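These are the residues of each chain, in order.
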Amino acid sequence: MSTESQNHWNRVYTTKATDAVSWYQTQPGISLELIAAANLPPDAPIIDVGGGASVLVDCLLAQGRSALSVLDISTAALGNARARLGADAARVRWIESDVREFAPSQRYALWHDRAVFHFLTDRADRAAYMAVLRRSLNPRGHVVMATFALDGPARCSGLEVAHYDAASLDAEFGDDFAMLDSRRETHVTPSGATQKFTWVHLQLR
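Residues numbered from 1 in each chain as written. Predicted model: local features only at pLDDT ≥ 70, side-chain atom pairs only at ≥ 80, totals over all residues. Heavy atoms only, no water.

### Here we look at the nonpolar core
If you look at soluble globular proteins, the nonpolar side chains tend to sit buried side by side. Basically, it comes down to this: Here, nonpolar core refers to any group of buried Ala, Val, Leu, Ile, Met, Phe, Trp, Tyr and Cys residues whose side-chain atoms link them within 4.5 Å. When accessible area is computed with a 1.4 Å probe and restricted to protein chains, residues below 20% of their type maximum are described as buried, those above 50% as exposed, and intermediate ones as partly exposed. Only DSSP runs of H or I covering at least 4 residues are called helices, and only runs of E covering at least 2 are called strands; the numbering of each starts at the N terminus. Residue contacts are counted whenever heavy atoms from the two residues lie within 4.5 Å of one another.
Counting residues in each nonpolar core, the largest one holds 31 residues, and the members touching the most others are Val-57 and Trp-94. Listed by contribution, the elements that provide at least two residues to this core are helix 2 (29-37), helix 3 (56-62), strand 2 (68-72), helix 4 (75-85), strand 3 (92-96), strand 4 (108-113), strand 5 (137-148) and strand 9 (194-204). In terms of residues, this core owes the most to one element, helix 3, which gives five residues. Leaving out residues up to four positions away in the same chain, Trp-94 has contacts with Val-57, Val-70, Leu-78, Ala-81, Arg-82, Leu-85 and Ala-89.

Following this line, the structure appears as structure tokens:
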């Protein structure tokens, strides 16, 4: 695991309130819509990559989903989420890992990422991510991903980021994935700024 990356994200989550980070959402609307569109049974395994302190897991638990995993590189982020959920935290598998080094012990019906891929500005890091994703997915598994759009912010949390439209994200995944849906989103941060996102829903062929 990259100690530098882990230290960076632990600092973010220990120096800012969970609801003050720029990516915070009170309701992860598009995530829930695209996950619902996959039409998975309640016990289908879902992983939220870079889930941090996101409330997506709360919403999925409230829907009755029973096989949820949250992966994040930050100990602090996972701790915040577990504290928020209280007793319900025991219903979730919490994974502290750099996604590029993640060794899945199961396969997932859906991989969700609203937080990680656009930070991978190096081609080798993106290749490592995609290799892990492919090893982690069931046959015909789904991917729901958001990245900063082409007109999104130049940096986030002090780090450079990559930018995508639906076509360039589709190209990153390659021909073995089918594009089922794509969206654009204008996210309003807790400070009132706006950030443009690209969303895609893909399925392994």
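Read on for the rest.
### Examining empty space enclosed by the protein
Threshold: In this analysis a 1.4 Å probe is tested at points of a 1 Å grid over the protein atoms alone, and where it fits but cannot get out there is a cavity; an open set with protein on both sides within 12 Å along at least five of seven lines is a pocket; lining residues have an atom within 4 Å of a point. Grid points are joined across faces, edges and corners, and a volume is the space filled by probe spheres set on the points.
Going through the model one piece at a time under the given rule, you end up with one cavity of 30 Å³ or more. Considered as a void within the structure, the largest cavity measures approximately 30 Å³ in volume. Around the largest cavity, the lining residues are Ile-46, Asp-48, Leu-56, Val-57, Leu-60, Leu-68, Ser-69 and Val-70. Those elements giving two or more residues to the lining of the largest cavity turn out to be strand 1 (46-49), helix 3 and strand 2.

### Thoughts on the pattern of salt bridges
Definition in use: Any Lys or Arg side-chain nitrogen found within 4 Å of a carboxyl oxygen on Asp or Glu counts as a salt bridge.
Counted under the stated rule, the structure contains ten salt bridges. Across the pair Arg-84 and Asp-58 runs a salt bridge, and its minimum N-O distance is 2.6 Å. Taken together, the residues Arg-84 in helix 4 and Asp-58 in helix 3 connect sequence positions 26 residues apart. You can call Arg-84 partly exposed: its relative accessible area is 34%. Here Arg-183 makes a salt bridge to Asp-181, at a shortest N to O gap of 3.2 Å. By relative accessible area, which is 28% here, Arg-183 ends up partly exposed. Look at Asp-181 and you get partly exposed, because its relative accessible area is 26%. Connected via shared salt-bridge partners are Glu-33, Asp-181 and Arg-183.

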